[in-house]
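# Overview (structure and organization)
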Amino acid sequence: MTDTHRPLLIHNARLVDPEAGRVTEGAVLVEDGRIAQVFDHPAPEIDEGRVPADARRDAGGKVLAPGIVDIGVKICEPGERHKESYGSAGAAAAAGGVTTIITRPDTDPPIDTPETLEFIRRRGSEAAPVRVLPMAALTKGRAGREMTEIGFLMDAGAVAFSDCDHVIADTRVLSRAMSYAAGLGALIVAHPQEPGLSRGGAATSGKFASLRGLPSVSPMAERMGLDRDVALVEMTGARVHFDQVTAARALPPLERAKRNGFDVTAGTSMHHLTLNEMDVADYRTFFKVKPPLRSEDDRQAVIEAVRTGLIDVISSMHTPQDEESKRLPFEEAASGAVGLETMLPVLLRLYHSGDLDLPTLFRALSLAPSRRLGLDSGRMAAGAPADLVLFDAEKPFILDRFKLRSKSKNTPFDGARLQGKVLATFVGGLSVFEAA
Amino acid sequence: MRFDHRHLLGIAALRPDEIVTLLDLADRYVSQSRDTRGHAQTLSGLTQINMFFENSTRTQASFELAGKRMGADVMSMAMQASSIKKGETLIDTALTLNAMHPDLLVVRHPHSGAADLLAQKVNCAVINAGDGRHEHPTQALLDALTIRRRKGRLHRLTVAICGDIAHSRVARSNILLLHKMENRVRLVAPPTLLPSGIEDFGVEVCHDMTEGLKDADVVMMLRLQRERMDGGFIPSEREYYHRYGLDAEKLAHAKDDAIVMHPGPMNRGVEIDGTLADDINRSVIQEQVEMGVAVRMAAMDLLARNLRARPSEIMA
């Protein structure tokens, strides 16, 4: 472990700067937990030893990027600690280059009071080696009837408010919660789905779902949910982030909302960027996520939206489920997949395929989520927190789910051939993970 | 003759020649079933367990009879009343039964893919007796046998499948089978009862019976599965009967020698006129039931041959 106060120089690295949109060879000087200086290669002061660093680390020409800020991570405390704890999720995050976890409140009980929020903040800070920031529920019990104590919860440290996949069906309740949150400047994380249309859907409607005989939902439900929420944003002035935009049809209304100057941003999940509905094949429940995997056309449209910045953020939507919840017929099986540890190598598929370059990828993984939450991380610039990930973008490996650090092993990428391995992760200048 | 499958989970996995093999064998079992001289011993020494997680009278009886006519030891379990109620998962139930070493497991389950899931976990041969809205292979095979015996062939026929196709595994298996055997398939239903993506199935879709039944060789009616309905798929039973119920007037648009089929149980006066259902010149509904036993005998016979051919694997 590096001493936080001793200046550390990481040199001979390929630096990803998502703000400037470029990758340069250079070095980073870390001091007091922050990036003190960024050097471009060639830097004579480094070669001549004039940089006041007590420790030097040769990155060996590998990639150094701002650590990932992951919005929407489910950690199953309180309630289902056997699926995931702050300790196991923190270790998985560190191994995956995730330096800030934004937790979801859909636990049992939900995080809907300052007291429960206090509990998970304490658990997060004592058990996880990475930064943990909690979201709180927008309505009590995520039941969609009464709003939570948004002000108190913000004072207690809630960075955003969300009922997660429980869409608030009563538009009046949602409009009031949005108005109230707007008055406090609170960020709402919404799940764009029309709840009636999407009820019971386990797959995206179309030929595949019909052949498999699965109850399905049209991607139009996502567009309708988005349309409604954007109208409410227009009405209330609320700040809204859509957790997962996954369908091509939802993109034009999102684009319009942004063009009209509303305070909206959107995310998508690593799984919707890298898998499609056909991957479910013979009812493979590890591929059951919410919303369900889409068509290949949708996937391509979403990748393009990330490239242009229409979709701002990529999240893992880390959702641990134990074997029992997944070893069921597809309709009955629980939704969700773990992703903290796998998201970087999985998303590097898009880099290797030429779909996204590294600055674009880290704009969506680090810079944009950080900005949206009002944090100052996610940058490769002097003054930013030294939350960094050092990785080998080329190294190939075959993923073995039983080697994941999460307590739950429900990844759809078991046995997948991936390229890209995290070598080290730094949080506030401290090394929290070193590859063996 | 080849039938190289360990399980019978759906029509999707079968080749046309395998379908013909199975139907040829079933044809022989029809005469054997009509014979009064006692049972064959083809499955003697084998244990068949019927696991029905969904109510069924005719399919379960048909499988039970098929097994007994071939000398198998048959056990039927009413799963709704047993361990499932005690919270045991499907896989645990399957593993428990597997430990008792059955040879044939006949499964019906309300969820699509349940038979596939079981087949991955047990050592014996699994027969899908209907999973959710996915497949019901023996029904499609018995329909095919009925058609072949009545029409003298199982290709180049125009088959109209009418009714609640969205919720029907019978329709899916029949569409797959009739396609493989190179027939023309027409689906007739209101849009609310058609599955999504139907335009990619390679079928003709009609929303009108007159148009849909035109020159059909076979008219296959489906049960309006009211127990599956969330409500609101059709305005009322009487409007449905008026527009989509099969009666002599609508049937007049089909070929003169068109046969009428129904997988049962029928809702007389909802999807089919009672008199028509009883018309022995047109309706082959009772024959379908008889073919059901024969097809199931053939299917179990073929699977048992494969079972005996390979040494049973020991599960770790």
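Going by the structure above, here's the rest.
Description of the structure in this document.

Procedures and definitions
- Residues numbered from 1 in each chain as written.
- Chains lettered and ligands numbered in written order.
- Predicted model: local features only at pLDDT ≥ 70, side-chain atom pairs only at ≥ 80, totals over all residues.
- Heavy atoms only, no water.
- Helix = DSSP H or I, 4+ residues; strand = E, 2+ residues; numbered from the N terminus.
- Rg over C-alpha atoms; globule rule 2.2 N^0.38 Å.
- Buried < 20%, exposed > 50% of the residue type's maximum accessible area, 1.4 Å probe, protein only.
- Contact = heavy atoms within 4.5 Å.
- Areas by Shrake-Rupley, 256 points an atom, 1.4 Å probe, with all protein chains shown as cover.
- Lys, Arg positive; Asp, Glu negative; His and termini not counted.
- Charge placed at Lys NZ, Arg CZ, Asp CG, Glu CD.
- Buried area = accessible area lost by both parts, 1.4 Å probe.
- Salt bridge = Lys/Arg side-chain N within 4 Å of Asp/Glu carboxyl O.
- Polar contact = N/O pair within 3.5 Å; in protein donor to acceptor, adjacent residues only side chain to side chain.
- Nonpolar A, V, L, I, M, F, W, Y, C, P; charged D, E, K, R; others polar.
- Pairing = 2+ DSSP bridges.
- Axes fitted to C-alpha atoms, helices over the stretch in contact; angles between N-to-C directions.

## Focus on the overall build of chain B
Summing up its helical and strand segments, chain B has eleven helices and nine strands in all. Compactness check: chain B gives a C-alpha radius of gyration of 19 Å against a globular reference of 20 Å for 316 residues, within 12% of the reference. By principal-axis analysis of the C-alpha atoms, chain B measures approximately 55 × 45 × 35 Å. Taking all 316 residues of chain B together, 59% fall into the buried category. For chain B, long-range pairs separated by at least 24 residues make up 75% of all intrachain contacts whose partners lie at least 6 apart in sequence. Accessible surface, chain B as shown: approximately 13200 Å² in total, 49% of it carbon and sulfur. Side-chain charges in chain B split into 39 positive and 41 negative, and the spacing between the mean points of these groups amounts to 3 Å.

## Section: the interface of chain B and chain A
Listed by partner, the interface residues are 23 residues for chain B and 17 residues for chain A. Across the chain B/chain A interface, buried area totals approximately 1600 Å², and carbon plus sulfur atoms make up 58% of it. On the chain B side of the interface with chain A, the three residues burying the most area are His111(B), Ser112(B) and Ser196(B), jointly 28% of the side's total. At the boundary of chain B with chain A, the tally comes to zero salt bridges. Inspection of the chain B/chain A interface yields eight residue pairs in polar contact (both at pLDDT 80 or more). No other element matches the four residues that helix H3 (residues 90-98) of chain B contributes to the side of chain B that touches chain A. Class assignment of the residues belonging to the side of chain B that touches chain A gives a composition of nine nonpolar, eight polar and six charged.

## Re the sheet that holds strand S3 (residues 104-109) of chain B
All names here are of chain B. Read across the sheet, four strands follow the order S2-S1-S3-S4 without closing on themselves; strand pairing throughout is parallel. Each edge of the sheet is formed by a strand with only one pairing partner; in this case those strands are strand S2 (73-78) and strand S4 (125-131). Pairs of neighbouring strands in the sheet enclose a mean axial angle of 15°, with direction left out of account. Sheet topology note: the S3/S4 ladder contains five bridges and is parallel. Opposite Leu 105, over in S4, you have Val 126 as the bridge partner.

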